[in-house]
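Listed below, chain by chain, are the residues.
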Amino acid sequence: MSKVLQVFGQTLSRFIEGLVHPSAAADALRAPRHAAFMTASLVAGSAALILLPLHLALAGPASLPLTLALGWAMAQWPLALFLSRTGYLVLAQAASAALFALFIGAICAITGGIASFALLWLLLAPLEAALSGDRRAVLWVTALCVVEAALLTMMMPDAQALAMAPDAKTALAVSAGAGLAYAAMLALRFAFDQSRSDALIEVREQDLRLVCGTLGDLVLRLGEGGDVMTLTGPSETVTGVPSRQLQHQGLFQRLHVADRPAYLKAVSDAERGLEPARLDVRLRSGKTQPGEAGVADYRWLDLTCRRLPDGIVVAVLRDASARMAEDERQAFARSAAEAETAARSHMLATVSHELRTPLNAIIGFSDLLRASPAMLTDEKRKREYVELIHESGTHLLEVVEGLLDVSRLEKGQYDLTIEPFDLTACLESCRHMLAGEASMRGITIRTDICAGLNAFPADRRACRQIVLNLLSNAVKFSADGAEVVLGARLTGDAVELSVRDTGLGMDEAALARIGEPYFRAAPQAAAGTGLGLSMVKALTELHGGSLKVESRKGAGTLVSVILPLAPARDHDTAGARSALKTVA
């Protein structure tokens, strides 16, 4: 039996759902209210249609009050059909309440007028109208009840009407029972609508919290002046602040002072229905309050403010810290790339000059010898020209070899040959090679080399190139008559090579860029390609060592290269390539 009732209930429910107007069928709140009204109306009308023939068959003709009651019940069917065709629940509910008021008024008119037992039922008509949720419907039905009560007051009950009225006890019992039943039905409908509305609101709030939590957004409903009325979403995740601290003026008070005018303008534009405003604001997320000691912790937020169709202004907050950090990183990378490109362009110009100068000397002196054969008999002048051509060719070869070394380092094709060699002799050789150039300007190169470096395991050519680059820079940037100190000492399991000068020195900005390819700390002070220190750094890292530079503007520079006594065979080629990374 229960299964049959269950199937019947499901069939009836599907039938009622099919009658709901399409405008309300997809609304989770309106559709059940439409279905409940039509169910009650169809049940009442169907009950009247069933009771009328039964009464006629069993008890004979119906009395006037029963006829009015059955007529009122059957009138519910047209209301259900009207709602199904139009979807106007407010109008249908108001019409149902008005029909009930007319029915009660008619019952009162034939059962004693103002003294009728059914008069109190008029109080239920405005309550039924309240189910529509429309104040005008309640007022109109209430006015109808007042008019009916006034008309009943003016009526004088005749003998026939008094004859239709039941005795007092029966009237009281019928009135109380029927009124209580109808009032209970209205109360149940009120409770059902309220519980359904509360459940639907809770579901929608949960859905909104789920969506906001999944997307990482904080949705705010704003009031006048940008005050936060309600907020939904992971407040502490997005802003780092509990939701209660953002209520009312909490959000505005936590905004950075410089961002408050933009926030107020965005809210004002949204209130006027302008295009949604989007801006980046800083919100104080730390515990430090304005005016207190300490540094406030601010978080970047992406704020979008817009007006909804119902006039409500909402704002959506997203954590923009990662995006702002990425923007800053890209801006820094772009700036670094532009600086590197500019440095590379300058290097190309410098290299062109470095190549052109010795080539001009070679071509010029060779043209002199070719154009003036008599000079070949002058041994002194011939030797002088040949020496100049040789020096120019040697310098040209050094420039080309430097560029080739840089290319090999960039490609990771610079192979080290690690074997013991006399480091002291190598350092002395480098000093002698630069001594001539230094002496021309009165610069003295002094050595400070400890003992025990006769079998240092490293690449001889790379160490020689490191020292020559450091000494060349020291001589180049030292004043005439200055002193350059070349040192080497054992420090535990490593050797520290150092070159100290008293030249121009560098500021902190230049020190931060030491080792960048093509960077020159003093581009106007002396010629060069800007590859010396970058090659030193790359070659040092190939040995597993490190480079340290100490300098002060106008007080000279100390460059230290620390090379391990037992370098790894699998040297870090990738690290060396990164030291010489360039922008194509």
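Before any of the text, the structure's been laid out above.
Residues numbered from 1 in each chain as written. Predicted model: local features only at pLDDT ≥ 70, side-chain atom pairs only at ≥ 80, totals over all residues. Heavy atoms only, no water.

Trainee: Got a minute to help me understand the overall build of the protein chain in this structure?
Mentor: Per the secondary structure count, the protein chain includes 20 helices and twelve strands. When each of the 584 residues of the protein chain is scored for burial, the buried share is 37%. Contacts in the protein chain between residues at least 24 apart in sequence constitute 64% of all its contacts with a sequence separation of at least 6. (Helix = DSSP H or I, 4+ residues; strand = E, 2+ residues; numbered from the N terminus. Buried < 20%, exposed > 50% of the residue type's maximum accessible area, 1.4 Å probe, protein only. Contact = heavy atoms within 4.5 Å.)

Trainee: Can you help me understand the sheet that holds strand β7 (residues 444–449) in this one?
Mentor: Within a sheet, each strand pairs with its neighbour through backbone hydrogen bonds, oriented either parallel or antiparallel. Strand order in this open sheet of five strands is β7-β9-β10-β12-β11, and the pairing throughout is mixed. Strand pairing shows two members of the sheet lacking a second neighbour, β7 and β11 (546–551), which therefore form its edges. Direction aside, the axes of adjacent strands within the sheet are offset by 15° on average. Bridge count for β11 against strand β12 (residues 557–564) is six bridges, and the pairing is antiparallel. Bridging across to β12, glutamate 550 finds its partner in leucine 558. Along the sheet face, helix α16 (residues 423–439) touches β7, β9 (483–491) and β10 (494–501) and points at about 170° away from the line of β7. (Pairing = 2+ DSSP bridges. Axes fitted to C-alpha atoms, helices over the stretch in contact; angles between N-to-C directions.)

Trainee: Where do I start with the pairing of β10 in this structure?
Mentor: Within a regular strand, the side chains alternate between the two sheet faces. Among the eight residues that make up β10, seven are buried, leaving the element largely enclosed by the rest of the structure. In this structure, β9 lies alongside β10, joined through seven bridges in antiparallel fashion. If you follow threonine 491 over to β10, its bridge partner there is alanine 494. Where β10 lies against β12, eight bridges are found, and the strand directions are antiparallel. When the sheet's bridge partners are listed, valine 495 is paired in β12 with leucine 563.

Trainee: It is not clear to me how the packing of aromatic side chains should be interpreted in this structure. Could you clarify?
Mentor: Each aromatic ring pair is described using two quantities: the centre-to-centre distance and the angle formed by the ring planes. This model, assessed by the stated rule, comprises four aromatic pairs. For the ring pair tryptophan 72 and phenylalanine 103, a centre distance of 5.3 Å and an interplane angle of 10° mean the geometry is stacked. Remark: phenylalanine 103 occurs in helix α6 (residues 89–110) and tryptophan 72 occurs in helix α4 (residues 64–74); sequence separation between them is 31 residues. The class for tryptophan 72 is buried, based on a relative accessible area of 19%. The class of phenylalanine 103 is buried, set by a relative accessible area of 11%. Summarising the aromatic geometry, the rings of phenylalanine 252 and tyrosine 263 are spaced 6.4 Å apart at their centres and angled 40° between planes, so their arrangement reads as tilted. With a gap of eleven residues between them, phenylalanine 252 in helix α12 (residues 250–254) and tyrosine 263 in helix α13 (residues 260–271) connect regions that are remote in the sequence. For phenylalanine 252, a relative accessible area of 22% translates into the label partly exposed. Aromatic ring contacts, followed pair by pair, group Trp72, Phe100 and Phe103 into a single cluster. For arginine 260, the ring lying beneath its charged end belongs to phenylalanine 252, and the centroid distance is 5.2 Å. (Phe/Tyr/Trp six-rings, centres within 6.5 Å; stacked < 30°, edge-to-face > 60°. Lys NZ or Arg CZ within 6 Å of the ring centre and 35° of its normal.)

Trainee: Where do I start with the pattern of salt bridges in this structure?
Mentor: Proximity of charged atoms lets side chains of opposite charge pair with each other. What the rule picks out here adds up to 15 salt bridges. Here arginine 282 and aspartate 259 are joined by a salt bridge, their closest N and O atoms 3.0 Å apart. One end of the pair, arginine 282, is in strand β3 (residues 277–284); the other, aspartate 259, is in the loop between α12 and α13, and 23 residues separate them in sequence. For arginine 282, a relative accessible area of 23% corresponds to the partly exposed category. Given the relative accessible area of 9%, aspartate 259 is considered buried. In this structure, arginine 278 engages aspartate 302 in a salt bridge whose closest nitrogen and oxygen atoms are separated by 2.7 Å. Highlighted residues: arginine 278 in strand β3 and aspartate 302 in strand β4 (residues 298–307), separated in sequence by 24 residues. Judged by its relative accessible area of 4%, aspartate 302 is buried. Counted as one network, the salt bridges with shared partners bring together Arg278, Asp280, Asp302, Arg318, Arg323 and Asp327. (Salt bridge = Lys/Arg side-chain N within 4 Å of Asp/Glu carboxyl O.)

Trainee: Looking at this model, I keep getting lost on a nonpolar patch on the surface. Mind explaining?
Mentor: Taken together, the side chains of Ile50, Leu51, Leu54 and Leu58 define a hydrophobic patch exposed on the protein surface, amounting to about 440 Å² of accessible area. Structurally, leucine 58 can be placed in helix α3 (residues 30–58). For leucine 58, a relative accessible area of 75% corresponds to the exposed category. (Patch = residues over 30% accessible without salt bridge, like charges linked within 9 Å, V, L, I, M, F, W, Y side chains within 5 Å. Areas by Shrake-Rupley, 256 points an atom, 1.4 Å probe, with all protein chains shown as cover.)

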